[in-house]
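Breakdown of the fold
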Amino acid sequence: MAVSSNDQAKTRIDVHAHAFQPEFMKLLRKNASRPLDIRSNWEWDETRFLREMDQWGVRLQVLSLPHTYEYYEATNLQLGVELCHIANSEYAEISARRTDRFRFFSAVPLPDVAAACRELDRARDIAGFSGITLSTNLHERTLDDPAFMPFFEHANAAGVVIFLHPLQRPFPKEWYGYRLEHLIGLPVDTTFALARLALGGFFDRYPNIKIIAAHVGGTLPFLAPRIERAFREGTSQHKPSHYFSKLFYDTSGPTHEAMLAGVAQMFGAQQIVFGTDYPFGLGQEGKQYVEHAVGVVVDSGLSETDLTRIFSANASEILGLES
């Protein structure tokens, strides 16, 4: 499809873009304990990134690593510290040199809480810092693990934005066919993580944290009414829908315009931000993820005002960007 005629077509802000930087990859390859499933086109190439951004009217990308925790074991936390430090430093260099085009969500080396707090403090002082990225599970531990509370208290005091990205976890053997462990497992893990946070009082304890849920929140919009029924078993002050309506949902991944319209109807268009998952694979019908994400928004049937919110205004407000 062609770039939309929407007035905001040149000012889109993509909150969901990944880049594997050179020094990060050197350290990762040196310490990899297994083959790395990282394709060459995922690695940082500024010229290519900018060309694709210009093609689809993306003014600004917020770069992140999708699942740093996959690349180091819980028994080797020092490697996690080094990987996060290098990744954030490289993102900082990109952001400082091209402030008009790139920002980043920093990586933090949980489950080492003390090191994660230190890296968050360091990253907050770096040009282009927009928040942090976390996986939906940390070495298979849930985010509401009491051991992580000191980190989230620290993040809450700083009013941090968290970009929440799914991470593969073990499933029953029957899931491992047709890539269902990936295609279904990842969005389910996003839903599982957010449901636990809502029911367990996470958002009551940390009201200053804002969460952007990748891939339109996984399956959460579809399952939200069912999750609501668990309120009596939870410890939160409010029903899950209260917290779900305060989350932000990005437009990335193979989704459908009707789902985006449904999220707008359920939670409001002001809770949707533009995300593409660039430079990851192909979307539905062979479209690039960027093309698909643009099309989902444009074809959602939402008003021009809502499209402007989704493509740029919402992200500008959440991330504190200048108009």
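Note: the structure precedes this text.
Described in the following lines is the structure provided in the data block.

How each quantity is defined
Residues numbered from 1 in each chain as written. Predicted model: local features only at pLDDT ≥ 70, side-chain atom pairs only at ≥ 80, totals over all residues. Heavy atoms only, no water. Helix = DSSP H or I, 4+ residues; strand = E, 2+ residues; numbered from the N terminus. Rg over C-alpha atoms; globule rule 2.2 N^0.38 Å. Buried < 20%, exposed > 50% of the residue type's maximum accessible area, 1.4 Å probe, protein only. Contact = heavy atoms within 4.5 Å. Areas by Shrake-Rupley, 256 points an atom, 1.4 Å probe, with all protein chains shown as cover. Lys, Arg positive; Asp, Glu negative; His and termini not counted. Charge placed at Lys NZ, Arg CZ, Asp CG, Glu CD. Pairing = 2+ DSSP bridges. Core = buried A, V, L, I, M, F, W, Y, C linked by side-chain atoms within 4.5 Å. Axes fitted to C-alpha atoms, helices over the stretch in contact; angles between N-to-C directions. Parallel < 35°, antiparallel > 145°, perpendicular 65-115°, else oblique. Salt bridge = Lys/Arg side-chain N within 4 Å of Asp/Glu carboxyl O.

Some words on the overall build of the protein chain
Each helix and strand in the protein chain was counted, giving 14 helices and eight strands. Over its C-alpha atoms the protein chain spans a radius of gyration of 18 Å, differing by no more than 12% from the 20 Å that the globule rule assigns to 323 residues. Its C-alpha atoms give the protein chain principal-axis dimensions of roughly 50 × 50 × 45 Å. Residue burial in the protein chain is summarised as follows: out of 323 residues, 56% are buried. Sequence-distant contacts, at least 24 apart, represent 76% of the contacts inside the protein chain between residues at least 6 apart. Accessible surface computed for the protein chain: about 14100 Å², of which carbon and sulfur atoms make up 51%. Computing the positive centroid from 31 side-chain charges and the negative centroid from 39, the protein chain places the two 2 Å apart.

Some remarks on the sheet that holds strand S6 (residues 210–213)
Ordered in space as S1-S2-S3-S4-S5-S6-S7-S8, the eight strands form an open sheet in which the pairing is parallel. Unpaired on one side and paired on the other, strand S1 (12–18) and strand S8 (272–273) mark the two borders of the sheet. In this sheet, strand S2 (residues 58–64) lies alongside S1 in parallel orientation, the contact comprising five bridges. Looking across to S2, one finds that Ile13 is bridged to Leu60.

A closer look at the nonpolar core
Formed by 87 residues in total, the largest nonpolar core has its most connected members in Phe151, Phe152 and Ile211. With residues near it in sequence (within four places) discarded, Ile211 still touches Ile162, Leu164, Leu194, Leu197, Phe202, Phe203, Leu247 and Phe248. Counting residues in each nonpolar core, the second largest holds 15 residues, with Phe105, Ala214, Ile318 and Leu319 among its members.

A short note on the packing of helix H3 (residues 77–97) against helix H4 (residues 113–124)
Running from amino to carboxyl end, H3 crosses H4 at an angle of 10°, the nearest separation of the two axes being 11 Å. Taken together, the axis directions place H3 and H4 in an arrangement best described as roughly parallel. Contacts between H3 and H4 involve Val81, Cys84, His85, Asn88 and Ser89 on the former and, on the latter, Ala115, Glu119, Arg122 and Ala123.

A word on the side chain of Ser135
You can see Ser135 is positioned in strand S4 (residues 129–135). By relative accessible area, which is 1% here, Ser135 ends up buried. In contact with Ser135, other than residues within four places in its own chain, are Pro66, His67, Tyr69, Leu143, Leu164, His165 and Leu167.

A closer look at the pattern of salt bridges
Any two side chains of opposite charge can pair if their charged atoms end up close together. Enumeration according to the criterion identifies twelve salt bridges in this entry. The residue Arg98 makes a salt bridge to Asp100 at a minimum N-O spacing of 3.3 Å. Arg169 is the partner of Asp189 in a salt bridge, and the nearest nitrogen-oxygen pair spans 2.6 Å. Taken as a pair, Asp189 in helix H7 (residues 185–199) and Arg169 in the loop between strand S5 (161–165) and helix H6 (180–183) lie far apart in primary sequence, 20 residues in all. Given the relative accessible area of 2%, Asp189 is considered buried. Connected through shared salt-bridge partners, Glu46, Glu93 and Arg97 make up one network.

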